[in-house]
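Below, each chain spelled out in residue letters.
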Amino acid sequence: MTYFRADNLSLHFGGLKAVDSVSFAVEKGEILSIIGPNGAGKSSIFNLISRIYPPTSGKIFFEDQDITEQPAYEIAGLGIARTFQNIELFENATMLSNLLVGRHRHSTTQLWQELLFLPNVRAREKAHRRSVEQVIEFLDLEVYRDKLISGLPYGVRKVIELARALCSEPKLILLDEPSSGLNVEETGDMSFWIRDLKTDLGITVLMVEHDMSLVNRVSDRVIALNYGRVIAMGSPSEVQRHPDVVAAYLGA
Amino acid sequence: MRFLFKTDYEDDIRLFPHSGYVVSYGILLAFLVVAPFVLSSYLISQLVFVCIYATVGVGLMILTGFTGQASLGHAAFLAIGAYTAAYLQQYNVPFPVYFLAGGLLTAVVGALVGFPALRLQGIYLVIATISFAFIVEEVLARWESVTHGNEGMRVKTLSLFGQAVPQNGPTFYFLCLGVLILTIVGTLNLLRSPTGRAFVAIRDSETAARSMGVNVSLYKVKSFAISAGITGLAGVLFAHKLSFISPEMFTLQLSIEFIIVILIGGTFSLHGAVLGAIFLVMIDPFLTYLKDDLPGIIAGIAATFGAGKDTAANVQSNVAAIASANGLKGAIYGVIIVLFVLFEPLGLYGRWLKIKLFFQLFPLYKRATFKRQKIYVKSERNR
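In what follows, the accompanying structure is described. (Residues numbered from 1 in each chain as written. Chains lettered and ligands numbered in written order. Predicted model: local features only at pLDDT ≥ 70, side-chain atom pairs only at ≥ 80, totals over all residues.)

## Description of the overall build of chain B
Phase 1: What chain B contains, in helices and strands, is 16 helices and four strands.
Phase 2: Rg of the C-alpha trace for chain B: 23 Å, near the compact-globule value of 21 Å for 383 residues, within the 12% margin.
Phase 3: Split into buried and exposed, the 383 residues of chain B put 39% on the buried side. (Helix = DSSP H or I, 4+ residues; strand = E, 2+ residues; numbered from the N terminus. Rg over C-alpha atoms; globule rule 2.2 N^0.38 Å. Buried ≥ 20, exposed ≤ 12 C-beta atoms within 10 Å, placed from the backbone.)

Encoded structure:
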């Protein structure tokens, strides 16, 4: 009875084993970090969970439901949101419409109602707007509301991507390198927000991260990967001292 | 400069952000209402074509501009709408019924084209839509029991509630204008609701759209259907305006004209579809004028600079030969597209925005405001 579970998950590209029978579980309400050198298969695991790649073998369970065969667009509907390592925002749209796309899984209106913009559509739109506004306030993004994404700096985009994921009101959020490309100060902000996700919003966090200081500050547990296999699992300090992890990063 | 002080979420939802819009669009509407009683019948006829082309432009804008799916097959959708009208008219079906039937049938065909197009992107999608247009053209030419093949079909004068509506009269103009305005309002409604945002999301990043819960395939098909349906409605009006339709009217060149409409107008806004339609409809009489008068003008210039009578006549006939050469129109369209893509990728509406901003910020306008910036490399990995 675990909240989220990956069972013997594998992803092979021909002979390359990007992910090699990885099993792990995420408890409800915890922050779990996945670390590992480049090419260890961290992002691949995320892409398996969000169904961008179909796994070669293995199963994924969320809230005791097998989601291995779910189409990618239904994963968000289940309450799993994600961010991307290289930022995948909707460039030629304002931040507001980016965040409103995050509300997509909560939209209930029919096409013909939208064409006529009936009162129920208007009411839904206002409701979406209200919850988006809460996220904007939570992440201090007020200034950027009507700005086009294409004109915004990298650090801001990173936060907006987190905001868009939060707009879908997820139960589990997958953060792919939330601090990459951020300066020290922005990384500090990010670590507070990730903590707040857990404590204030009760969201379970699964995170891929390279910045060990961020990992140490926020994680409850850490998984270390190398060559697609789990080499260590436990508290941040345990994992960092684990001889295999040291070998993976520094060479044996 | 106006500063918008927003106090309600409604401020972001309404179609006219402030009273200035109401005034300027009100003036435009008043002009359009008065137009048929002031302007010459030739200009009104041109305005009708602007309305029809702009309606197609709005349809194509939904698919290409907002969903990011290129199509060079919209002439075929126009043809399906036009032929539906001509066919149903033979059985005395009333106008409102075959008007909607034309739109609906085209929407269904559009959805059917959308399904195989799901797996295609960019240039491959363009090729697929061109092939679809060729198939339709060929079907129209061969299916003689329904379409009368290459003989074409005569379209009877439109009759609305027992009244004849001749295609050159003001009532037909108002009908086309009404259809255009309703299409634009419907599209704007769509764009401010989840479906429109899903379209834009698909255009900018399919991966992200999918992970936000957008059923990408479903919305692409929806976009194809809506776009085709609008084009089909325009097709019915097109058939009435020309009162005769035949397969060779719905060729690749017409599809390219529709691309020109949105490309030159500006692919990011519905204003672009209307501006592009005005541009395209007005360029035709201009080209005719050039064809008729340019040889004489050039010969005249040559004569002024001391060319003999024979040389001048020679120049005149040479220029006339070039000006009436086959396919010149297509070549000129090509040059126009290339020039716009190179020097004004945002189109006429983009230019208008720049001019507007120039006066709003005077004297602080800087050219870099509209410079395209590429700050980081987008992930190609998840494609």
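## Considering the sheet that holds strand S1 (residues 4-13) of chain A
Residues and elements named next belong to chain A.
Phase 1: The antiparallel open sheet is built from four strands, whose spatial order is S2-S1-S4-S5. Each edge of the open sheet is held by one strand with a lone partner, namely strand S2 (16-26) and strand S5 (65-66).
Phase 2: Strand direction decides the pairing type here: S1 and strand S4 (residues 57-62), joined by five bridges, are antiparallel. Bridge pairing links Ala 6 to Ile 60 in S4.
Phase 3: Across the sheet, helix H1 (residues 42-49) is in contact with S1, S2 and S4; its angle to S2 comes to roughly 70 degrees. (Pairing = 2+ DSSP bridges. Contact = placed C-beta atoms within 7 Å. Axes fitted to C-alpha atoms, helices over the stretch in contact; angles between N-to-C directions.)

## Quick notes on the interface of chain A and chain B
Phase 1: Residue-level contacts link 38 residues of chain A with 31 residues of chain B.
Phase 2: Elements that contribute at least two residues to the side of chain A that touches chain B include exactly helix H2 (72-78), helix H3 (95-102), helix H4 (111-116) and helix H5 (119-138) of chain A.
Phase 3: Sorting elements by how many residues they give to the side of chain A that touches chain B places H5 of chain A first, with five residues.
Phase 4: By residue class, the composition of the side of chain A that touches chain B is 16 nonpolar, 13 polar and nine charged. (Nonpolar A, V, L, I, M, F, W, Y, C, P; charged D, E, K, R; others polar.)

## Here we look at helix H16 (residues 347-361) of chain B
Phase 1: Here H16 of chain B spans 21 Å end to end across 15 residues, near enough to the 21 Å set by a 1.5 Å rise per residue.
Phase 2: The complete set of buried residues in H16 of chain B reads Gly 347, Leu 348, Tyr 349 and Gly 350 of chain B. (Expected span 1.5 Å × (residues − 1).)

## What to know about the pairing of strand S8 (residues 204-208) of chain A
All names here are of chain A.
Phase 1: By the criterion of burial, S8 is predominantly enclosed, with five of the five residues buried.
Phase 2: Bridge count between strand S3 (residues 31-35) and S8: four bridges; the pairing is parallel. When the bridges of S8 are listed, Ser 33 appears paired with Met 207.
Phase 3: In terms of strand pairing, strand S7 (residues 172-176) meets S8 through five bridges, oriented parallel. Its bridge partner being in S8, Leu 174 is matched across the sheet by Leu 206.

## Points about the packing of helix H12 (residues 252-265) of chain B against helix H15 (residues 328-343) of chain B
All names here are of chain B.
Phase 1: Closest axis-to-axis distance for the H12/H15 pair is 11 Å, and the angle between their directions is 25 degrees. The pairing of H12 with H15 is recorded here as roughly parallel in orientation. Seen along the crossing, H12 lies across H15 with a hand that is left-handed. Residues Gln 253, Ile 256, Ile 260, Leu 263 and Ile 264 of H12 pack against Gly 330, Tyr 333, Ile 336, Ile 337 and Phe 340 of H15.
Phase 2: Residues that form the contact of H12 with H15 fall into these classes: eight nonpolar, two polar and no charged. (Parallel < 35°, antiparallel > 145°, perpendicular 65-115°, else oblique. Left-handed = near helix turned anticlockwise from the far one by under 90°.)

## Quick notes on the packing of H3 of chain A against helix H6 (residues 154-167) of chain A
Residue and element names in this part refer to chain A.
Phase 1: Between H3 and H6, the shortest axis-to-axis distance is 6 Å and the interhelical angle comes to 35 degrees. Our pair here, H3 against H6, has a crossing hand that is right-handed. Of the residues in H6, those in contact with Met 95, Asn 98, Leu 99, Val 101 and Gly 102 of H3 are Ile 160, Ala 163, Arg 164, Ala 165 and Cys 167.
Phase 2: A breakdown of the residues in the contact of H3 with H6 according to their chemical character gives seven nonpolar, two polar and one charged.

## Some remarks on the sheet that holds strand S9 (residues 221-226) of chain A
All names here are of chain A.
Phase 1: An order of S6-S7-S8-S3-S9-S10 is seen for the six strands of this open sheet, with the pairing classed as mixed. The open sheet terminates on both sides in strands that have one partner only, identified here as strand S6 (80-82) and strand S10 (229-234). Across the sheet, the mean angle separating the axes of adjacent strands is 20 degrees when strand polarity is ignored.
Phase 2: Examined bridge by bridge, S6 and S7 share three bridges and lie parallel to one another. Note on S7: the bridge partner recorded for Arg 82 is Leu 174.

## Observations concerning the environment of Leu 287 of chain B
All names here are of chain B.
Phase 1: Following the sequence through the fold, Leu 287 ends up in helix H13 (residues 270-304).
Phase 2: Residue class for Leu 287 comes out partly exposed when judged on the 15 C-beta atoms lying within 10 Å of it.
Phase 3: Spatially, the C-alpha atoms of Leu 287 and Ile 332 are 9.3 Å apart, while their sequence positions differ by 45 residues.
Phase 4: If we skip the residues at most four places from it in the chain, Leu 287 touches Lys 329 and Ile 332.

## Brief notes about helix H7 (residues 184-199) of chain A
Residues and elements named next belong to chain A.
Phase 1: For H7, with 16 residues, the first-to-last C-alpha span of 23 Å sits near the 22 Å given by 1.5 Å per residue.
Phase 2: Of all the positions in H7, only Thr 187, Met 190, Ser 191, Trp 193, Ile 194 and Leu 197 are classed as buried. Along H7, the residues classed as buried sweep out an arc of 165 degrees about the axis, all on the same side. Exposed and facing more than 90 degrees away from the buried side of H7 are Val 184, Glu 185, Phe 192 and Thr 199. (Arc of directions from axis to C-beta.)

## A look at the environment of Gln 110 of chain A
Residue and element names in this part refer to chain A.
Phase 1: For Gln 110, the position within the fold is in the loop between H3 and H4.
Phase 2: By the C-beta count within 10 Å, which is 12 here, Gln 110 ends up exposed.
Phase 3: The spacing of Gln 110 and Val 121 is 11 residues in sequence and 8.7 Å in space, taken between C-alpha atoms.

## Regarding the pairing of S2 of chain A
Phase 1: In the sheet, S1 of chain A pairs with S2 of chain A via seven bridges, with the strands oriented antiparallel. Looking at S2 of chain A, one finds that Arg 5 of chain A is bridged to Ala 25 of chain A.

## Structural notes on unusual backbone geometry
Phase 1: A cis amide bond links Phe 362 of chain B to the next residue, Pro 363 of chain B, at an omega of 0 degrees.
Phase 2: You can see Pro 363 of chain B is positioned in the segment after H16.
Phase 3: The backbone of Asn 8 of chain A shows a phi angle near 45 degrees, a positive value even though the residue is not glycine.
Phase 4: Assignment of secondary structure puts Asn 8 of chain A in strand S1.
Phase 5: Note on Asn 8 of chain A: 12 C-beta atoms within 10 Å, which makes it exposed.
Phase 6: With a phi angle near 50 degrees, Glu 63 of chain A is a residue other than glycine that sits in the positive phi range.
Phase 7: Checked against the element boundaries, Glu 63 of chain A lands in the loop between S4 and S5.

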